[in-house]
Amino acid sequence: MIITAAGKRIFISFCFVAVILAAIGGLSTAKSAEMPIAIKGYDTVAYFQDGRAIKGSESFTFPWNGMIWHFQSKENRDLFVANPEKYAPQYDGFCAWAMTEERKAITDPEVWKIIDGKLYLNCSQAAYEKWSRDIPGHIKKADAIWLKMRDGN
């Protein structure tokens, strides 16, 4: 078989593109593997759209704020992508009650409440009950603590 100079260039170009695409895919996969899954894979948009906690799907994800967010549908993912601050839970998804005690606690996505258009998660029903005794006061306190934690102070 005789390969022309043009054929060699096309083959080399094809190999170059394949290597670049493989490298990009490998970097993307590695980066995603390093990022934690937000709120245990629950769909944060579903709290607002469906009024309940619904597990998201690995088929509909979006990386944001150092985490991978899962969604039950493409529509929910697209809503989040358009305005993540609207749908993301407060305190990066850490427990609202624990934040009042200057702690970051992993939440139970089934224990939640939307207040003034913002999603708050708690780590347990007991934590939620403590938090709900003075929601406005606890939000004010937790917000101040969160700003210090987030800013590294």
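Residues numbered from 1 in each chain as written. Predicted model: local features only at pLDDT ≥ 70, side-chain atom pairs only at ≥ 80, totals over all residues. Heavy atoms only, no water.

K.L.:
Just to check I follow, could you spell out the overall build of the protein chain for this structure?
P.N.:
Scanning the protein chain from terminus to terminus reveals seven helices and four strands. The N-to-C order of helical and strand elements in the protein chain reads α-α-β-β-α-α-α-β-β-α-α. Of all 153 residues assigned to the protein chain, the portion counted as buried reaches 35%. Counted over contacts in the protein chain with a minimum sequence separation of 6, partners at least 24 positions apart contribute 54%. (Helix = DSSP H or I, 4+ residues; strand = E, 2+ residues; numbered from the N terminus. Buried < 20%, exposed > 50% of the residue type's maximum accessible area, 1.4 Å probe, protein only. Contact = heavy atoms within 4.5 Å.)

K.L.:
Teacher, can you tell me more about the state of the cysteines here?
P.N.:
Any covalent bond linking the sulfur atoms of two cysteines counts as a disulfide. Using the criterion set out here, one finds zero disulfides in the structure. C95 takes part in no disulfide bond, and the closest cysteine sulfur to it belongs to C123, at a distance of 3.5 Å. Given a relative accessible area of 29%, C123 falls into the partly exposed group. (Disulfide = S-S within 2.5 Å.)

K.L.:
What is the right way to read the pattern of salt bridges from this model?
P.N.:
Side chains that differ in sign of charge can pair as their charged atoms come close. Here the structure, examined in full by the defined rule, presents four salt bridges. In this structure, R77 engages D78 in a salt bridge whose closest nitrogen and oxygen atoms are separated by 3.9 Å. Relative accessible area serves as the criterion here: at 34%, D78 is assigned to the partly exposed category. For the salt bridge of D151 with R150, the shortest nitrogen-to-oxygen distance reads 3.5 Å. Exposure remark for D151: the relative accessible area of 48% places this residue in the partly exposed category. (Salt bridge = Lys/Arg side-chain N within 4 Å of Asp/Glu carboxyl O.)

K.L.:
I keep staring at helix α7 (residues 135-151) and nothing clicks. Help me out?
P.N.:
For an α-helix, 3.6 residues make a turn, and residues three or four places apart therefore share a direction. Helix length check: α7 (17 residues) gives 24 Å between terminal C-alpha atoms against 24 Å at 1.5 Å per residue, within 8%. Those residues of α7 that are buried are in contact with α5 (96-100), β3 (108-115), β4 (118-122) and α6 (125-131). The distance from a side-chain oxygen at the start of α7 to the backbone nitrogen of G137 is 3.1 Å, and the residue carrying that oxygen is D134. G152 sits one or two positions beyond α7 and adopts a positive phi of about 80°. (Expected span 1.5 Å × (residues − 1). Polar contact = N/O pair within 3.5 Å; in protein donor to acceptor, adjacent residues only side chain to side chain.)

K.L.:
Please explain the nonpolar core as it appears in this structure.
P.N.:
Proteins that are soluble and globular tend to have nonpolar side chains buried together. Core analysis: the biggest nonpolar cluster contains 18 residues, and Y91, C95, M99, I115, Y120, W131 and I139 have the highest contact counts within it. For this core, the elements supplying multiple residues, two or more each, are α5, β3, α6 and α7. Examining the composition of this core, we find that five residues originate from one element, α7, more than from any other. Excluding residues that lie within four positions of it along the chain, M99 makes contacts with Y91, F94, K104, A142, I145, W146 and M149. Core analysis: the second largest hydrophobic core is formed by 14 residues, Y47, A53, W69 and F80 among them. (Core = buried A, V, L, I, M, F, W, Y, C linked by side-chain atoms within 4.5 Å.)

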